[in-house]
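One-letter residues, chain by chain:
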There are 2 protein chains.
Amino acid sequence: MAWIGLDLGGTKVYGVVVDKGAIRAEAKRRTPTEGGPEAIIDCMAGVVADLGGTKRVKAIGVGAPGLIDRKRGVLRHAPNLVAWLDESPLGPPLSTKAGAVPVVLANDVEAGVLGEHRLGVARGREHVIGIWLGTGVGGGLVVRGEMYRGGHGLAGEIGHTIVHPGGRKCACGGLGHLEAYAGRRSMEQRARDEAAAGRHTMLVDLAGAERMRSGIFARALEAGDPLAVELMDEAIEAVAITVGSFNTFLDLDMIVIGGGMGIRLGAYLAPRIDDQARSLMFVPNHPVQIAPAELGDAAGAAGAALLAAGAH
Amino acid sequence: MAWIGLDLGGTKVYGVVVDKGAIRAEAKRRTPTEGGPEAIIDCMAGVVADLGGTKRVKAIGVGAPGLIDRKRGVLRHAPNLVAWLDESPLGPPLSTKAGAVPVVLANDVEAGVLGEHRLGVARGREHVIGIWLGTGVGGGLVVRGEMYRGGHGLAGEIGHTIVHPGGRKCACGGLGHLEAYAGRRSMEQRARDEAAAGRHTMLVDLAGAERMRSGIFARALEAGDPLAVELMDEAIEAVAITVGSFNTFLDLDMIVIGGGMGIRLGAYLAPRIDDQARSLMFVPNHPVQIAPAELGDAAGAAGAALLAAGAH
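All residue numbers refer to position in the chain's written sequence, counted from 1. Whichever chain is written first is A, and whichever ligand is written first is 1; the rest continue in order. Only residues with pLDDT of at least 70 are given local features in this predicted model, and only at 80 or more are side-chain atom pairs given and counted; all residues enter the totals for whole chains, interfaces and linings. Side-chain metrics in this entry use all non-hydrogen atoms of the structure; hydrogen atoms and water are not considered.

Participant: So what exactly am I meant to see when it comes to the overall build of chain A here?
Facilitator: The helix and strand labels rest on DSSP assignments: H or I over at least four residues marks a helix, E over at least two residues marks a strand, and numbering proceeds from the N terminus. For chain A, the helix and strand inventory stands at 10 helices and 13 strands. Taken against the 2.2 N^0.38 rule, which gives 20 Å for 312 residues, the C-alpha radius of gyration of chain A at 19 Å falls within 12% of a compact globule. Oriented by its inertia axes, the alpha-carbon framework of chain A measures out at about 55 × 45 × 35 Å. Only protein chains enter the accessibility calculation, which uses a 1.4 Å probe; a residue is then buried when its area is under 20% of its type maximum, exposed when over 50%, and partly exposed in between. Split into buried and exposed, the 312 residues of chain A put 59% on the buried side. Note on definitions: a residue-residue contact is assigned when non-hydrogen atoms from the two residues lie within 4.5 Å. In chain A, 61% of the contacts between residues at least 6 apart in sequence involve partners at least 24 apart. Using a 1.4 Å probe, accessible areas were evaluated by the Shrake-Rupley method; residue-level cover was limited to the displayed protein chains. For chain A, the accessible surface area stands at approximately 12,300 Å², while carbon and sulfur atoms represent 49% of it. Computation of the radius of gyration draws on C-alpha atoms alone. For the globule rule, the value is 2.2 Å times the number of residues to the power 0.38.

Participant: How should I be thinking about the packing of aromatic side chains in this particular structure?
Facilitator: Stacked, tilted and edge-to-face are the three classes applied to pairs of Phe, Tyr and Trp rings, where Trp contributes its six-membered ring and a pair requires centres within 6.5 Å; stacked means planes under 30 degrees apart, edge-to-face means over 60, and tilted covers the rest. Under the defined criterion, the tally for this structure stands at three aromatic pairs over all chains. Between the aromatic rings of Phe-246 of chain A and Phe-249 of chain B, the centroid separation amounts to 4.9 Å while the plane-to-plane angle is 70 degrees, which identifies the pairing as edge-to-face. Separated into two different chains, Phe-246 of chain A in helix 8 (residues 226–250) and Phe-249 of chain B in helix 8 (residues 226–250) make up a pair that spans both. Classification of Phe-246 of chain A by relative accessible area gives buried; the value is 2%. With relative accessibility at 1%, the residue Phe-249 of chain B sits in the buried group. Three or more aromatic residues link up through ring pairs in this structure, and these residues are Phe-246 and Phe-249 of chain A together with Phe-246 and Phe-249 of chain B. Whether a charge sits over a ring depends on NZ of Lys or CZ of Arg being within 6 Å of the ring centre and within 35 degrees of the ring normal. Against the face of Tyr-268 of chain A rests Arg-272 of chain A, its NZ or CZ located 3.8 Å from the ring centre.

Participant: Whenever I open this one, the relation of the copies chain A and chain B confuses me. Can you help?
Facilitator: In this structure, two copies of a chain are linked by a rotation about an axis accompanied by a shift along it. Only residues with pLDDT of at least 70 in both copies count here: their C-alpha atoms drive the least-squares fit that superposes the copies. The two copies are related by a screw motion: chain A maps onto chain B through a turn of 180 degrees and a shift of 0.0 Å along the axis, at an RMSD of 0.0 Å. These values place the two chain copies in the arrangement generated by a two-fold rotation axis. Interface overlap between copies: 100% of the residues of chain A at the interface are likewise at the interface in chain B, consistent with a symmetric, same-surface contact.

Participant: It is not clear to me how the interface of chain A and chain B should be interpreted in this structure. Could you clarify?
Facilitator: Taken together, the 42 residues of chain A in the interface contact 42 residues of chain B. Contact between chain A and chain B buries roughly 3,500 Å² in total, counting both sides, with carbon and sulfur atoms accounting for 66%. In the sections that follow, a salt bridge refers to a side-chain nitrogen of Lys or Arg positioned within 4 Å of a carboxyl oxygen of Asp or Glu. For the pair chain A and chain B, the interface holds zero salt bridges. By the criterion applied in these results, polar contacts are pairs of N or O atoms within 3.5 Å in which, for protein atoms, one can donate a hydrogen and the other can accept it, and in which residues neighboring in sequence qualify only through two side-chain atoms. Inspection of the region where chain A meets chain B yields 20 residue pairs in polar contact (both at pLDDT 80 or more). The set of elements that each furnish at least two residues to the side of chain A that touches chain B consists of strand 10 (137–143), strand 11 (146–147) and helix 8 of chain A. The residue classification treats Ala, Val, Leu, Ile, Met, Phe, Trp, Tyr, Cys and Pro as nonpolar and Asp, Glu, Lys and Arg as charged. All others, Gly included, are polar. Partitioned by chemical class, the residues of the side of chain A that touches chain B number 21 nonpolar, 15 polar and six charged. Throughout, buried area stands for the accessible area (probe radius 1.4 Å) lost by two parts on being put together, summed over both.

Participant: Can you walk me through the pairing of strand 9 (residues 128–133) of chain A in this structure?
Facilitator: Residue and element names in this part refer to chain A. Most of strand 9 sits inside the fold, with six of its six residues counted as buried. What you see with strand 9 is no split at all: Val-128, Gly-130 and Trp-132 on one side and Ile-129, Ile-131 and Leu-133 on the other are buried throughout. At least two DSSP bridges between two strands are needed for those strands to be called paired. In terms of strand pairing, strand 9 meets strand 10 through six bridges, oriented antiparallel. Opposite Ile-131, over in strand 10, you have Gly-139 as the bridge partner. In textbook terms, the turn of a hairpin is the stretch between consecutive antiparallel strands, and for strand 9 and strand 10 this stretch comprises three residues.

Participant: Before we go on, may I ask you to explain helix 1 (residues 36–50) of chain B in this structure?
Facilitator: Along an α-helix, residues three or four apart share an orientation, since each turn contains 3.6 residues. All names here are of chain B. Taking 1.5 Å of rise per residue, the 15 residues of helix 1 would be expected to cover 21 Å, and the 22 Å separating its terminal C-alpha atoms lies within 8% of that figure. Turning to helix 1, its buried residues are Gly-36, Pro-37, Ile-40, Ile-41, Cys-43, Met-44, Ala-45, Gly-46, Val-47 and Val-48. One or two steps after helix 1, the chain reaches Gly-52, where phi turns positive at roughly 105 degrees. Helices are assigned an expected span. That span is 1.5 Å times one less than the residue count.

Participant: What is the right way to read the nonpolar core from this model?
Facilitator: Where a protein is soluble and globular, its nonpolar side chains tend to be buried together. Residues grouped as a nonpolar core are buried Ala, Val, Leu, Ile, Met, Phe, Trp, Tyr and Cys residues, joined through side-chain atoms within 4.5 Å. Formed by 100 residues in total, the largest nonpolar core has its most connected members in Ile-129 and Ile-131 of chain A together with Ile-129 and Ile-131 of chain B. Not counting residues up to four positions away in its chain, the partners in contact with Ile-129 of chain A are Gly-140, Leu-141, Ile-158, Phe-246, Leu-250, Leu-252, Met-254, Ile-255 and Val-256 of chain A together with Phe-249 of chain B.

Participant: Would you take a moment to explain the state of the cysteines for this structure?
Facilitator: Joining two cysteines, a disulfide is a covalent bond between their sulfur atoms. All names here are of chain B. The term disulfide is used for any two cysteine sulfur atoms that are within 2.5 Å. For the structure on display, the rule yields zero disulfides over all chains. Free of any disulfide, Cys-172 has its nearest cysteine sulfur in Cys-170, 3.8 Å distant. Take Cys-172: its relative accessible area is 36%, and that puts it in the partly exposed class.

Participant: Help me understand the side chain of His-164 of chain A in this model?
Facilitator: By secondary structure assignment, the location of His-164 of chain A is in the loop between strand 11 and helix 4 (178–182). For His-164 of chain A, a relative accessible area of 19% puts it in the buried group. In this structure His-164 of chain A touches Leu-175, Gly-176, Tyr-181, Glu-237 and Ile-241 of chain A together with Pro-165 of chain B, once residues within four positions along its chain are discounted.

Participant: Would you explain the sheet that holds strand 12 (residues 254–258) of chain A in this entry?
Facilitator: Consider a sheet: its strands pair through backbone hydrogen bonds, and that pairing is either parallel or antiparallel. Residue and element names in this part refer to chain A. A sheet is described by the order of its strands in space; here five strands give the open sequence 11-10-9-12-13, paired in mixed fashion. The sheet is open, and its two edges are formed by strand 11 and strand 13 (289–292), each paired on a single side. In this structure, strand 12 lies alongside strand 13, joined through four bridges in parallel fashion. Bridged to Ile-255 within strand 13 is Ile-290.

Participant: Can you walk me through the pattern of salt bridges in this structure?
Facilitator: Two side chains that carry opposite charge are able to pair once their charged atoms sit near each other. Residue and element names in this part refer to chain A. Summed over all chains, the structure comprises 38 salt bridges over all chains. Arg-72 serves as the salt-bridge partner of Asp-69, at 2.8 Å between the closest nitrogen and oxygen. The salt bridge involving Glu-230 is made with Arg-190; its shortest N-O contact spans 3.8 Å. With Glu-230 in helix 8 and Arg-190 in helix 5 (residues 184–196), this residue pair connects regions lying 40 residues apart in the sequence. Through salt bridges with shared partners, a single ionic network connects Arg-168, Arg-190, Glu-194, Arg-199, Glu-230 and Glu-234.

Participant: What am I meant to see in the sheet that holds strand 3 (residues 22–30) of chain A here?
Facilitator: Residues and elements named next belong to chain A. Here five strands make up an open sheet; going across it, the order is 3-2-1-4-8 and the pairing mixed. Edge positions in the open sheet fall to strand 3 and strand 8 (103–107), since each of these has one partner strand only. On average, adjacent strands in this sheet sit at an angle of 20 degrees to one another, irrespective of strand direction. Pairing geometry for strand 4 (residues 57–64) and strand 8, over five bridges, is parallel. Across the sheet, Ile-60 pairs through a bridge with Val-103, a residue of strand 8. Strand contacts of helix 1 (residues 36–50): strand 1 (2–8), strand 2 (12–19), strand 3 and strand 4, with the helix running at about 140 degrees to strand 3, the strand carrying the most contacts. Lying over the sheet, helix 10 (residues 298–311) contacts strand 1, strand 2, strand 3, strand 4 and strand 8, oriented at roughly 135 degrees with respect to strand 1. Fitting a line to C-alpha atoms yields each axis, with helices limited to the stretch in contact; the angle taken between N-to-C directions then spans 0 to 180 degrees.

And the structure:
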């Protein structure tokens, strides 16, 4: 039997078929930005069809970017999916449209970290942290080879690590959090504020009124745009502080840098984070490896399929 | 059968007998400050005799304050044991003097956290961090009900969490570590520096040329000594930042404040840490409990006995 995994993102729905512990097929479609939850669910069912349908599929796993109710299959709140409506069901209607196979909802970052742990760069590692740099910053932890969910299912919020007490304001209202320095949304806000204050930057030239995507940061960095470099340096420092502290306490085997920015800029970010984080660790030459995710956009979908396989 | 646990501290050797999952007897002696490792081992054997000897005892566990080689039973480095010599054997000679029962060495903080988890305030909790405030600051982590040692046996160094990047220098050379704000040695240094700069404080009046023990901080705090309050506020803030970040990522059931300062000042520290840490957590009203250790000086000895029971 096979399992389908879908990663429901703000810009695309990415799908994979996982069978015998490997990715067998991939497909993607653009996430609709209007038409409500029905349009989004239709799009997901379309990706399932692109993957060959559900004849040999035992279950579908969905990594969703927001607050989920696993039991009822409801995506409660998903600020990055503009067409979504709070508290709308996702699992049951997708199941109906996709041939009545069971649908399992999961957190998208948890799915991504699991994907990289089982099929990606962290294969076979016992103790792993994933830091997912995207619109915000999410995280996941593998302990003794198994995903760790915490005492109340709330683990993984590494974006709200306090890196600079009293520092820059985070979207959550807290001060000095990792996400306020290393989340794409916060970096975009900072770039636009600086531009509004008269500083010239390619970041705003390239983005215009559109979202300042990871690819735009990549192009500005390549061109040596000073503000892009400065913002990225602050992000790298904030991630390095987080990595230094967590690895000193948790003595990990690997730290994976993933998420949209991690995928696009991992080759730039990972060695710089590695370099700074090591100088902050208590144990010199600690054997932990700091590596960019290697499955790219497929990580979240693969992890969602594995979560579905664990449940069905 | 029973197990004996010894907590080898800079000022005293504390011993317990653990039988059927409970502490059955306790004894203590002052740690000699001269006479070399032999004097210290004689003192430990004396505590074993005070506890009734080893007739019914299957093994002795020792929580030691330093770098240990478990396999060879060597206490490699123990800066707080003035009479100790680096790289001296501890397990084999203690075993010989105590009736040839096996001796198991463990880290003292790990033993203390285990003691509080199995027999103390954190009984029955799944996911627990212990923060041991002593001369330095140590830590321990329980995941899924079991002690967590990390990928290379190096986990637990919570004292080297970066709470104020670029901040006060830690004994390890790092900047802005928790231990630089909340470790007794660092707080003593700060008090003496302030006194040398002309500031009056009871802390130095009470300590004179002797070590500024936790009891001295307790008396100065009670009397409202402004520097004692100030140092304690900084320590509380540093612990709260650590607790806020780690609980946001790890979603714990309980955080235990232990160690020499935690035992002596837990009733003062724990509610203040709780109050500040909660305001720094991502999830409001998180169900984690922040509590002072409850076994007092017996925690480390009890945990050492339990570690010996796990090995023999």
